[in-house]
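Here's the letter readout for the chains.
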Amino acid sequence: MDQPTAYTDFPHQSVTFPEGVALDCGRVLPNVTVAYRTYGTLNQDKSNAILVCHALTGDQYVAEQNPETGRPGWWGGVVGPGAPIDTDKYFVICANVLGGCMGSTGPRSPHGEPSAQAPGQPWGTDFPVVTIHDMVRVQKRLVEHLRISKLFAVIGGSMGGMQVLSWAVQYPEMVFAAVPIAAAYYHSAQNIAFHEIGRQAIAADPFFHGGHYWSEGVRPERGLAVARMTAHITYVSEEALTRKFGRKLQNAEGLSALGEQFAVESYLQYQGSSFVQRFDANSYLTITRAMDLFDIAGEQGGVLADAFRGTQTRFLLVSFSSDWLFPTAQSRAIARALNHVAANVSFVEVQSDKGHDAFLLDEPDFHATLRGFLVGCAEHAGLS
Amino acid sequence: MSGVKKIRVDLALIAGMVQPGSRVLDVGCADGQLIEHLTRTKQCDARGIEIDMEEVQRAITHGLPVMQGDADTELVTYPDHAFDYVILSRTLQAVEKPREVLRQMLRISTHAIVSFPNFGHWSLRLQLLTRGRMPMTAGWNRMWYETPNIHPCTIKDFFALCDAEGYVVEDWLAADEQGLRTPWRRSPGLANLFGEQGLFLLRKA
């Protein structure tokens with residue numbers, strides 16, 4: 001079953017499940033491909049596997065250079081030999097999410113439903129609405145494909161943290177330890193609002209063509225760049241922006257020349273323009289919507305604790321003090337709900353002025369905490 | 001993480017009150033020394049709550065399950081009878097609502113183990129009598145305006161509270177500052193005069 005996928009130009013390692021996956025929206029997505037990478041060695045009794053879940057714009061290349069974009073692994077300091085998620089000890093799996101654009105089935109994959117008007121053409125905006133739970137269902141198929149019946153740990157930040165929570169709720173018996181980092185149990189009105197600005201920017205781009213831009217040979221780069229710029233502001237703290245840029249001008253000659261730029265403007269423009277080189281607009285629409293739909297308390301009639309009743313999973317929740325997108329209060333609410341069902345939970349707020357992005361950056365306190373938690377869990381799981 | 005470490009004497013006294021294999025919550029657990037001891041030597045399922053973020057990080061880094069949180073606000077988030085023992089070591093005098101914290105402890109747990117510095121010790125009484133100022137001792141060493149110990153009580157006061165709340169004192173002892181057991185356990189009056197700390201094992205009537 002393992003084969004290079006034909007959906008994207010680049011041959012990412014992947015596996016295809018021809019039987020498809022039933023989605024939350026009621027539709028069955030046929031022929032689902034999951035692009036993934038693994039690091040380290042699976043032990044004899046297959047008990048040392050850690051699934052790492054990536055965030056909105058991440059990919060499966062967690063600990064190595066992405067061969068398509070040339071970007072370094074997005075969590076190189078956290079996953080690797082001797083790193084907190086130590087690939088000398090653990091077998092690490094990371095998959096591109098459903099709806100993504102790095103080899104897994106997404107809006108750019110060929111429309112596979114019998115009702116398709118143009119079979120074989122990309123789904124575009126006809127791609128079904130997917131949820132975080134759907135992403136996790138597909139990951140579960142991958143884990144089973146790798147003949148692993150129980151994951152030692154599921155770890156992820158931001159949207160990756162949502163997937164961790166979904167794992168813990170949907171398949172608690174398959175998760176020994178869960179680490180949602182800078183995460184939330186529902187996407188707040190403010191979070192949805194910021195996403196909507198991004199989606200509107202994409203839809204307003206004249207090159208969007210209602211989502212069928214591929215057949216026109218163009219891409220809605222301006223819109224996607226604006227979406228990224230808006231989102232990027234939410235990933236950093238005011239303090240970090242001030243420290244980095246303050247009111248500095250791009251060329252320090254004062255405001256005399258019209259068209260002069262503040263350094264922060266050119267930084268954001270760079271963020272936007274580099275993003276459009278590696279990310280697909282339709283995937284952005286699909287995945288941001290999946291995040292917006294996430295609400296595990298809502299599914300339980302508003303009682304978050306009910307989602308975790310009876311859980312045997314050991315939890316570590318981590319938040320960052322300056323994160324205003326997924327604030328500490330969210331993580332604390334999850335920790336309290338877990339306490340309410342007497343689950344085994346650790347919770348810590350890491351002091352950092354780097355905002356939401358802190359989970360991706362060099363934060364020694366966070367890394368030490370994660371490492372220690374995993375060591376403790378490994379001992380309880382009988383891994384040594 | 002390997003080997004059995006020697007723990008603080010007062011924590012050893014507390015550990016002596018805990019049955020092996022029980023479910024324990026240590027409130028104000030600092031870096032988790034007692035949790036680690038109970039897990040390793042008594043096979044307990046022990047967790048902690050600690051308000052100080054640095055201590056929490058130290059505890060988690062050592063692989064111990066600890067929540068950052070405040071006894072006054074976190075205990076209410078646990079279900080009834082979740083634990084066999086809830087421990088509050090040298091913290092009762094520092095919480096905002098000691099009586100409510102005790103109620104919560106005995107709601108979520110069958111037993112409560114509480115230790116506190118005894119404000120009835122003779123040296124404190126003497127200082128107050130002779131100097132007319134708030135006492136300063138090894139245990140009470142911060143000025144009144146900056147001490148975290150906002151609810152000082154004596155061993156006798158604590159007996160009275162247990163009485164009023166209908167708690168059964170299953171076991172109790174007085175200890176000196178280092179946590180060594182002192183010999184006045186038959187007489188609350190003497191313990192209240194000579195004991196630097198009180199240690200109580202409670203349950204609901």
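Throughout this description, residue numbers start from 1 for each chain and increase along the sequence as written. Chains and ligands are labelled sequentially in the order written, the chains with letters from A and the ligands with numbers from 1. Totals for whole chains, interfaces and linings use all residues, but because this is a predicted model, local features are given only for residues with pLDDT of at least 70 and pairs of side-chain atoms are given and counted only at 80 or more.

**Comments concerning the overall build of chain A**
Numbered from the N terminus, helices here are DSSP runs of H or I no shorter than four residues, and strands are runs of E no shorter than two. Regarding its fold elements, chain A presents nine helices and twelve strands. With C-alpha atoms as the basis for the radius of gyration, the globule rule is written as 2.2 Å multiplied by the number of residues raised to the power 0.38. Here chain A has a C-alpha radius of gyration of 21 Å; the compact-globule value for 384 residues is 21 Å, and the two agree. For the C-alpha atoms alone, the extent of chain A along its principal axes is close to 65 × 50 × 45 Å. Of all 384 residues assigned to chain A, the portion counted as buried reaches 49%. Three classes are used. A residue is buried when 20 or more other C-beta atoms lie within 10 Å of its own, exposed when 12 or fewer do, and partly exposed in between, with C-beta atoms placed from the backbone.

**Focus on the pairing of strand S11 (residues 314–320) of chain A**
All names here are of chain A. Counting buried positions over the seven residues of S11 gives seven, a clear majority of the element. The side-chain alternation of S11 yields two buried faces, one formed by Arg314, Leu316, Val318 and Phe320 and the other by Phe315, Leu317 and Ser319. A pair of strands is labelled paired if DSSP reports no fewer than 2 bridges between them. Of the strand pairs in this sheet, strand S10 (residues 175–181) and S11 are connected by three bridges, and their pairing is parallel. For Ile181, the partnering residue across the bridge sits in S11 and is Val318.

**Digging into the confidence of the model for chain B**
Residue and element names in this part refer to chain B. Note on scores: pLDDT gives the predictor's confidence for each residue, bounded by 0 and 100. In this model, chain B carries an average pLDDT of 90, and 95% of its residues clear a pLDDT of 70 or more. Taking the mean pLDDT of every element in chain B, the minimum, 70, falls on strand S7 (residues 181–182) and the maximum, 97, on helix H7 (residues 155–165). For this predicted complex, the interface confidence score (ipTM) comes to 0.82, while the overall pTM stands at 0.90.

**Looking at helix H4 (residues 221–235) of chain A**
All names here are of chain A. By this rule the span expected of a helix is its residue count minus one, scaled by 1.5 Å. If you check H4, its first and last C-alpha atoms are 21 Å apart, about what 15 residues at 1.5 Å a residue would give, namely 21 Å. Every buried residue belonging to H4 is among Gly223, Leu224, Ala225, Val226, Ala227, Arg228, Met229, Ala231 and Tyr235, and all of these are buried. Throughout, a pair of residues is in contact if the C-beta atoms placed from their backbones lie within 7 Å. Contact partners of the buried residues in H4: helix H3 (189–204), helix H6 (263–276) and helix H7 (281–293).

**Some points on the environment of Val34(A)**
Residues and elements named next belong to chain A. In this fold, Val34 is placed in strand S4 (residues 32–39). Given 27 C-beta atoms within a 10 Å radius, Val34 is considered buried. A C-alpha to C-alpha distance of 7.6 Å links Val34 and Val97, two positions 63 residues apart in sequence.

**Remarks on helix H3 (residues 53–61) of chain B**
Buried residues of H3(B): Val56(B), Gln57(B), Ala59(B), Ile60(B) and Thr61(B), and no others. As for H3(B), its buried residues are in contact with S11, strand S12 (344–350) and helix H9 (364–380) of chain A together with strand S2 (45–50) and strand S3 (66–68) of chain B. One or two positions beyond H3(B), positive phi appears at Gly63(B), with a value near 80°.

**Some remarks on the interface of chain B and chain A**
Counting from both sides, the interface comprises 18 residues of chain B and, opposite them, 23 residues of chain A. Looking at the side of chain B that touches chain A, the elements with two or more residues in it are H3 and S3 of chain B. The greatest single-element share of the side of chain B that touches chain A, amounting to five residues, is contributed by H3(B). Split by residue class, the side of chain B that touches chain A holds eleven nonpolar, six polar and one charged. All amino acids are sorted into three groups, where Ala, Val, Leu, Ile, Met, Phe, Trp, Tyr, Cys and Pro are nonpolar, Asp, Glu, Lys and Arg are charged, and the leftover types, Gly among them, are polar.

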